[in-house]
Every structure is written in structure tokens, then in C-alpha cells.
Amino acid sequence: GESVGLHLPTLSVQEGDNSIINCAYSNSASDYFIWYKQESGKGPQFIIDIRSNMDKRQGQRVTVLLNKTVKHLSLQIAATQPGDSAVYFCAENINTGGFKTIFGAGTRLFVKA
Amino acid sequence: NAGVTQTPKFQVLKTGQSMTLQCAQDMNHEYMSWYRQDPGMGLRLIHYSVGAGITDQGEVPNGYNVSRSTTEDFPLRLLSAAPSQTSVYFCASSRTGESTEAFFGQGTRLTVV
């Protein structure tokens, strides 16, 4: 079935260090993989996406890596800042005749000053 | 820039009551969707719409109805509220179904007693 999950429910990093958030997926038919950030009391906010035919994409301070062989997705945040503290979700955009975005369970990132 | 607006922000219902959660977007987006988020969980797709007059079911559609009479509005109706529907509800919109960048509202926190 369609499912997106995460290896680690919480991650604590020191300010200035790099963060790596991991995600496993099971649906091989996904067109895109997406990372969202959700701050407390707010709706999710788009961070970055990667098309299924790519293995790496970089944005501002973030890099997403896709390993289709082991169905693994990761989000790397460089020089993590206190403002990066949030819950991070990976999601899949799947075309099943109509596009659906399916979310994983989320990882909470704590940034220690 | 209003973006995606959800009303109300908070609601308490008694079991068996019905109500409509409102969602409006001013970005002329074709695609709109509703998610529910339970504590410590990811977002689960309830219903989605690829355009005015077209709706489809997501992962957890039972107990909810939607309609899309205009591009701007996508209301979610709870027909007979149950305690299991206690959750935070998020509405999202994106330019098209294939677009990976979805814009989320601030959420409606619903409690069914």
C-alpha cells in the first residue's frame, strides 16, 4: 500500500551543526518527493522537492537526497539555526488518475543553542 | 496576501452534530485538499479537488463530505460528528495537482465531546 514513514521521531542537534532527517517510502510510483516544515500551531510549509528521476537537489541551506534503490529520502540542513526547530515531514506526490500528496509521520528537530 | 484562509480556528461539537469547516484561497489555484492531523501524527488526506465541480476521496474520507462549486472555496462537512473526528484540520491549495508546493491554512482545531 501507499506509505511514507520516518526512521527517527526526534532529532536534537547543536546550533551550527548539520542536521540529517531521514525518511523511508514504499510506493515506487511517486512522481515527486517533498519536504515540509511545520512550526508549532501553524500549517506545514513547503521546503524543497525532488523529482523521482533525480538523486540530489540543493536549495538554500538544504539538500534533499533520494536513493530509489533502498527507497530512502533524506533532508540535510546545513548550519542548523534555532529557527529550524520544527517538525519535518516527508511526503509523496502520487499520480493515481488524480494527484494525491501522502505524508509521513514526521520528525521533530530540536536545535540547542 | 491572504493565501489560504480557514474558519473557524477552534470549534467544539457535541457527538452527532453537523458542521462545515470553511476554506478559501485567493491564489486562483486549481487544486485544493483537506487533511486531518492527530496528535504526534502526520497529515492524512481526507478529500481533494482538482478543479471546480470535481472532487475525490483521499485516505480517510468516511464521515466527511466536500463540494467545489467555485475555484476559491472548498468546504468540508462533518455529517454527524464523532469523538474520533477530534483533530486539527488543514486545508491546502496548489496551482495544479502536479504542483508540489502546497500552501496550507492555519488549521481548525476541532473537539467532539
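One can find the structure itself at the top, above this paragraph.
Residues numbered from 1 in each chain as written. Chains lettered and ligands numbered in written order. Predicted model: local features only at pLDDT ≥ 70, side-chain atom pairs only at ≥ 80, totals over all residues. Heavy atoms only, no water.

1. Quick word on the layout of surface pockets
Okay, so step 1: Reported here for the largest pocket is a volume of approximately 690 Å³.
Okay, so step 2: In terms of lining residues, the largest pocket is bounded by 34 residues, among which Q38(A), G41(A), Q37(B), V88(B) and R109(B) are the most central.
Okay, so step 3: At 4 residues, strand 11 (residues 108–112) of chain B tops the list of elements feeding residues into the lining of the largest pocket.
Okay, so step 4: Looking at the lining of the largest pocket residue by residue, the classes come out as 13 nonpolar, 15 polar and 6 charged. (1 Å grid on protein atoms, 1.4 Å probe; cavity = no way out; pocket = protein on both sides within 12 Å on 5 of 7 lines; lining within 4 Å. Points joined across faces, edges and corners; volume = space filled by probe spheres on them. Helix = DSSP H or I, 4+ residues; strand = E, 2+ residues; numbered from the N terminus. Nonpolar A, V, L, I, M, F, W, Y, C, P; charged D, E, K, R; others polar.)

2. With respect to the interface of chain A and chain B
Okay, so step 1: At the interface, 21 residues of chain A touch 21 residues of chain B.
Okay, so step 2: For the pair chain A and chain B, the summed buried area comes to about 1,700 Å², and 56% of that belongs to carbon and sulfur atoms.
Okay, so step 3: If you look at where chain A meets chain B, you find 0 salt bridges.
Okay, so step 4: Linking chain A with chain B are 7 residue pairs in polar contact (both at pLDDT 80 or more).
Okay, so step 5: Only strand 4 (30–38), strand 5 (45–51), strand 9 (86–95) and strand 10 (99–103) of chain A provide two or more residues apiece to the side of chain A that touches chain B.
Okay, so step 6: Looking at the side of chain A that touches chain B, the element that brings in the most residues is strand 10 of chain A, giving 5 residues. (Contact = heavy atoms within 4.5 Å. Buried area = accessible area lost by both parts, 1.4 Å probe. Salt bridge = Lys/Arg side-chain N within 4 Å of Asp/Glu carboxyl O. Polar contact = N/O pair within 3.5 Å; in protein donor to acceptor, adjacent residues only side chain to side chain.)

3. So, the sheet that holds strand 3 (residues 19–25) of chain B
Residue and element names in this part refer to chain B.
Okay, so step 1: Strand order in this open sheet of 4 strands is 1-3-8-7, and the pairing throughout is antiparallel. Each having just a single partner strand, strand 1 (4–7) and strand 7 (64–66) make up the two edges of the open sheet. Recorded for the sheet is a direction-independent mean angle of 20° between the axes of neighbouring strands. (Pairing = 2+ DSSP bridges. Axes fitted to C-alpha atoms, helices over the stretch in contact; angles between N-to-C directions.)

4. Section: the state of the cysteines
Okay, so step 1: Tallied over the entire structure, the rule returns 2 disulfides over all chains.
Okay, so step 2: The residue that forms a disulfide with C23(A) is C90(A), at a sulfur-sulfur distance of 1.9 Å. When the S-S torsion is 55°, as for the bridge of C23(A) with C90(A), the disulfide is right-handed. Placement of the pair is C23(A) in strand 3 (residues 19–25) and C90(A) in strand 9, with a sequence separation of 67 residues.
Okay, so step 3: Assessed through its relative accessible area of 0%, C90(A) is described here as buried.
Okay, so step 4: Between the sulfur of C23(B) and that of C91(B) lies a disulfide, 1.8 Å long from S to S. The sign of the -75° torsion about the S-S bond sets the C23(B)-C91(B) disulfide as left-handed. With C23(B) in strand 3 and C91(B) in strand 9 (residues 87–94), this pair connects stretches of sequence that are 68 residues apart. Of the two residues, C23(B) and C91(B), neither departs from the other in class, the shared state being buried. (Disulfide = S-S within 2.5 Å. Buried < 20%, exposed > 50% of the residue type's maximum accessible area, 1.4 Å probe, protein only.)

5. Digging into the pattern of salt bridges
Okay, so step 1: Considering all chains together, one arrives at 5 salt bridges over all chains under this definition.
Okay, so step 2: One network of salt bridges, in which partners are shared, links R36(B), D38(B) and R44(B).

6. Overview of the packing of aromatic side chains
Okay, so step 1: Inspection of every chain in the model, using the stated rule, returns 11 aromatic pairs over all chains.
Okay, so step 2: Ring centres of Y25(A) and F33(A) lie 4.4 Å apart, and the angle between their planes is 45°; this geometry places the pair in the tilted category.
Okay, so step 3: The buried category is assigned to F33(A), whose relative accessible area is 3%.
Okay, so step 4: Between F103(A) and F104(B) the ring centres are 6.1 Å apart and the planes differ by 80°, which places this aromatic pair in the edge-to-face class. Taken together, the residues F103(A) in strand 10 and F104(B) in strand 10 (residues 103–104) connect one chain to another. Per residue, the accessibility class of F103(A) equals that of F104(B), and both read buried. (Phe/Tyr/Trp six-rings, centres within 6.5 Å; stacked < 30°, edge-to-face > 60°.)

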